[in-house]
Amino acid sequence: MDNTVLVLGARGRLGGAVAKAFAAAGWRVLAQRRAGGTAPAAVAGIEWVQADAADTATLQRAAAGARVVVHAMNPAYTAAAWRAEAPGLMQSAIDLAAALRSHLLFPGNVYNFGADMPPVLTPDTPQRPATAKGRIRVELEQQLAQGARQHGLAATVIRAGDFFGAGRGSWLDQVIVKKLPQGRVTWPGALDAPHAWAYLPDLARVFVDVAEAGGEPGLCEVLHFAGHTVTGQDWLAALTEVAWEQGWLPRDGALRTGRLPWGLMRLASPFVPLVASLQEMRYLWDVPHALDGAALARRIGAKPHTPFLEAVRTAITELDLAPRAARSTGPRAGHSITQGV
């Protein structure tokens, strides 16, 4: 075994961030992408492997000797796609990790706990999912635990909140800050409800740290990444600061706050599966929840933690939200953006 990692689903947002974090830490990174399609841009330290997830023979040959496998594959965000595809993707990851005798890492989320979840979630908190996707996530983790026992496989679930940073494809860019340069944000729920968030570069580094700590054969360990537990008001304060710095608001000006049209979305749900999937997870924006990271700290020591305002600054900068005509002039004098780690 050497410091080689195979990242399944490396074209995705989490998979891409994890691949880059392993490469930055000096690992040899093999990044799986599906057969066909356009070739990804070259990234220093990352070797692309073109094969479908079910083609375990090809992946096993390419990743011979790999110490770690990261399962970062995801179906489309609908219950039907998850039900049809997610168990097969998990089984492919288990079979591959078992054949390689590798430590299998899997990203978890808070869907498992349901709308009656307590305000602080530990790895031992009872899982009572209230939605179809929540039940599927519970079943996937049970499938992983069974695979670990059956194959003598070391496996770890790293559970985190909603992603932000390191690209597009989250609530932040698709809903919340789409109109930030116009001085407006859209918030999906109660502004005073604490909500678990994961700054993706920090979470990706946690995957590296857990990989380097190793796992116990035959055991599926569950670790929670605390990330940032913040309210909508906390987000408004940080986004207001960024908008001032970028010149999108006059100094001491206030952002206008809109609400997501959940009523209209409910009407559209029977006809649009994606909207139905978003609708069933609405409770997460109103039910306070935080992830207890004590077990993770015991496992890896000090956790990566970019301060919230710094993480927000960097995430917004990377989204390049400024209208095209304004990009040549940049922020007003004296209001430059500080890059995060």
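Heads up: the structure comes first, above all this text.
Residues numbered from 1 in each chain as written. Predicted model: local features only at pLDDT ≥ 70, side-chain atom pairs only at ≥ 80, totals over all residues. Heavy atoms only, no water.

**A short note on a nonpolar patch on the surface**
Residues Phe271, Val272 and Leu274 make up a contiguous nonpolar surface patch of about 320 Å² in total accessible area. Relative to the helices and strands, Val272 is located in the loop between helix H8 (262-268) and helix H9 (273-280). (Patch = residues over 30% accessible without salt bridge, like charges linked within 9 Å, V, L, I, M, F, W, Y side chains within 5 Å. Areas by Shrake-Rupley, 256 points an atom, 1.4 Å probe, with all protein chains shown as cover. Salt bridge = Lys/Arg side-chain N within 4 Å of Asp/Glu carboxyl O. Helix = DSSP H or I, 4+ residues; strand = E, 2+ residues; numbered from the N terminus.)

**A closer look at the packing of helix H3 (residues 79-100) against helix H4 (residues 132-151)**
For the pair H3 and H4, interaxial distance at closest approach is 10 Å and the crossing angle is 15°. When the axis of H3 is compared with that of H4, the two are roughly parallel. The handedness of the crossing between H3 and H4 comes out as right-handed. For the pair formed by H3 and H4, the contact residues are Ala79, Trp82, Arg83, Ala86, Pro87, Met90, Gln91, Ile94, Asp95 and Ala98 on the first element and Ala132, Lys133, Ile136, Arg137, Leu140, Gln143, Leu144, Gly147 and His151 on the second. Classifying every residue of the contact of H3 with H4 gives 11 nonpolar, four polar and four charged. (Axes fitted to C-alpha atoms, helices over the stretch in contact; angles between N-to-C directions. Parallel < 35°, antiparallel > 145°, perpendicular 65-115°, else oblique. Left-handed = near helix turned anticlockwise from the far one by under 90°. Contact = heavy atoms within 4.5 Å. Nonpolar A, V, L, I, M, F, W, Y, C, P; charged D, E, K, R; others polar.)

**Section: the pattern of salt bridges**
For the coordinates displayed, the defined rule picks out seven salt bridges. Taking the shortest distance from any N to any O, the salt bridge between Arg159 and Glu141 comes out at 2.8 Å. Taken as a pair, Arg159 in strand E7 (residues 155-159) and Glu141 in helix H4 lie far apart in primary sequence, 18 residues in all. Accessibility assignment for this pair places Arg159 and Glu141 in one class, buried. A salt bridge links Asp209 to Arg205, with the nearest nitrogen and oxygen atoms 2.9 Å apart. Here Asp209 pairs with Arg205, and both are found in helix H6 (residues 200-213), just four residues apart, close to one helical turn. (Buried < 20%, exposed > 50% of the residue type's maximum accessible area, 1.4 Å probe, protein only.)

**Some words on the packing of aromatic side chains**
Per the counting criterion, the structure on display carries 13 aromatic pairs. Here Tyr77 and Trp82 contribute two aromatic rings whose centre-to-centre distance is 5.9 Å and whose plane-to-plane angle is 90°, an arrangement assigned as edge-to-face. Take Tyr77: its relative accessible area is 26%, and that puts it in the partly exposed class. A relative accessible area of 4% means that Trp82 is categorised as buried. Here the aromatic rings of Phe164 and Trp197 are separated by 6.1 Å at their centres, their planes lie at 80°, and the arrangement is edge-to-face. With a gap of 33 residues between them, Phe164 in strand E8 (residues 162-164) and Trp197 in strand E10 (residues 195-199) connect regions that are remote in the sequence. Residue classification places Trp197 among the buried positions, given a relative accessible area of 0%. The structure contains a cluster of three or more aromatic residues connected by ring pairs, namely Phe164, Trp171, Trp187, Trp197, Tyr199, Trp235, Trp285 and Phe308. (Phe/Tyr/Trp six-rings, centres within 6.5 Å; stacked < 30°, edge-to-face > 60°.)

**Here's the deal with a positive patch on the surface**
On the surface, a cluster of positive charge is contributed by Lys178, Lys179, Arg184 and Arg256. You can see Lys179 is positioned in the loop between helix H5 (171-176) and strand E9 (184-187). (Lys, Arg positive; Asp, Glu negative; His and termini not counted. Charge placed at Lys NZ, Arg CZ, Asp CG, Glu CD.)

**Remarks on helix H11 (residues 308-319)**
With 12 residues, H11 should cover 16 Å at 1.5 Å per step; its first-to-last C-alpha distance of 17 Å lies within 8% of that length. Turning to H11, its buried residues are Phe308, Ala311, Val312, Arg313, Thr314, Ala315, Ile316 and Leu319. Contact partners of the buried residues in H11: E8, H5, E10, strand E12 (228-230) and helix H7 (232-246). Looking one or two residues past H11, Asp320 carries a phi angle of roughly 55°, positive in sign. (Expected span 1.5 Å × (residues − 1).)

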